[in-house]
Amino acid sequence: MTAQPLEARCDHCKQTRPLFLYEPDHDFHLTGITCEWCERDKQPLLCTRCWSTEKQRENNDPGDPTDNAMAAFFVRACENNARIAAREDAERAVLEGIAKATEQAERNG
Ligand SMILES: [Zn+2]
Ligand SMILES: [Zn+2]
């Protein structure tokens, strides 16, 4: 199912063109600061050209250093948690294997 793009006046260049809603793809801000893209009540409807320009502008925005540092910290914490969870799973599998083998041996013996 492909939605037909809406043809209307672009919020940037004011030309009548097929428009796409601009959705910033950066994450929410952990430090509670807001950037230009978050501050908007409503994201603009842009033609493909303005959309790409806007995307480039967003990608080139360095962001707030504190916010970036905190985001990096959380990413690392998540990776650590995933590693711990994987190890616990492996240990559980081993213990279950031992329990099953013991049970079987008892039944056979
Ligand atoms: Zn435009
Ligand atoms: Zn933002």
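Cut-off values and rules
Residues numbered from 1 in each chain as written. Chains lettered and ligands numbered in written order. Predicted model: local features only at pLDDT ≥ 70, side-chain atom pairs only at ≥ 80, totals over all residues. Helix = DSSP H or I, 4+ residues; strand = E, 2+ residues; numbered from the N terminus. Rg over C-alpha atoms; globule rule 2.2 N^0.38 Å. Buried ≥ 20, exposed ≤ 12 C-beta atoms within 10 Å, placed from the backbone. Contact = placed C-beta atoms within 7 Å. Pairing = 2+ DSSP bridges. pLDDT = per-residue confidence, 0-100. Domains from an automatic or database assignment. Nonpolar A, V, L, I, M, F, W, Y, C, P; charged D, E, K, R; others polar. Core = buried A, V, L, I, M, F, W, Y, C linked by C-beta atoms within 7 Å.

**Student:** Looking at this structure, how should I read the overall build of the chain?
**Tutor:** The helix and strand inventory of the chain stands at three helices and three strands. Secondary structure elements of the chain, listed N to C terminal, follow the sequence β-β-α-β-α-α. For 109 residues, the compact-globule estimate of 2.2 N^0.38 gives 13 Å, and the chain exceeds it by more than 25% at 26 Å. A burial count over the chain gives 6% of its 109 residues as buried. Within the chain, residue pairs in contact and separated by at least 24 positions form 66% of the contacts whose partners lie at least 6 positions apart.

**Student:** What am I meant to see in the pairing of strand 2 (residues 16–21) here?
**Tutor:** The side chains of a regular strand alternate between both faces of the sheet. Bridge count between strand 1 (residues 6–9) and strand 2: four bridges; the pairing is antiparallel. Following the sheet pairing, Ala8 is matched in strand 2 by Arg17. Taking the residues between adjacent antiparallel strands as the criterion, strand 1 and strand 2 are bridged by six residues, where Lys14 takes a positive phi near 65°. Looking at chain direction, strand 2 and strand 3 (residues 45–46) are connected through two bridges and run antiparallel. Looking at the pairing, Phe20 lines up with Leu46 of strand 3.

**Student:** Looking at this model, I keep getting lost on the confidence of the model for the chain. Mind explaining?
**Tutor:** Interpretation of this model should avoid reading the predicted coordinates in detail wherever pLDDT is low. Per-residue confidence for the chain gives a mean pLDDT of 89, with 94% of residues at or over 70. Considering each helix and strand of the chain separately, the mean pLDDT is smallest for helix 1 (residues 36–39), with a value of 88, and largest for strand 3, with 96.

**Student:** I would appreciate a short explanation of the environment of Gln56 in the present structure.
**Tutor:** Following the sequence through the fold, Gln56 ends up in helix 2 (residues 48–60). According to the C-beta neighbour criterion, Gln56 is exposed, with 10 such atoms within 10 Å. For the pair formed by Gln56 and Cys35, sequence separation is 21 residues and the distance between their alpha carbons is 15 Å.

**Student:** Before we go on, may I ask you to explain the domain arrangement of the chain in this structure?
**Tutor:** A common measure of how large an interface is: the accessible area buried when the components associate. For the chain, the assigned domains read domain 1 (1–62) and domain 2 (64–109). Relative to domain 2, the C-alpha centre of domain 1 lies at a distance of 40 Å. Taken together, the five residues of domain 1 in the interface contact six residues of domain 2. Grouping the constituent residues of the side of domain 1 that touches domain 2 by class yields two nonpolar, two polar and one charged.

**Student:** How should I be thinking about the nonpolar core in this particular structure?
**Tutor:** Among soluble globular proteins, nonpolar side chains are generally buried collectively. Cys10, Leu19, Tyr22, Leu45, Leu46, Cys47 and Cys50 together form the largest nonpolar core, which totals seven residues. Look past the residues within four positions of Cys10 in its chain and what remains in contact with it is Gln15, Arg17, Leu19, Leu46, Cys47 and Cys50.

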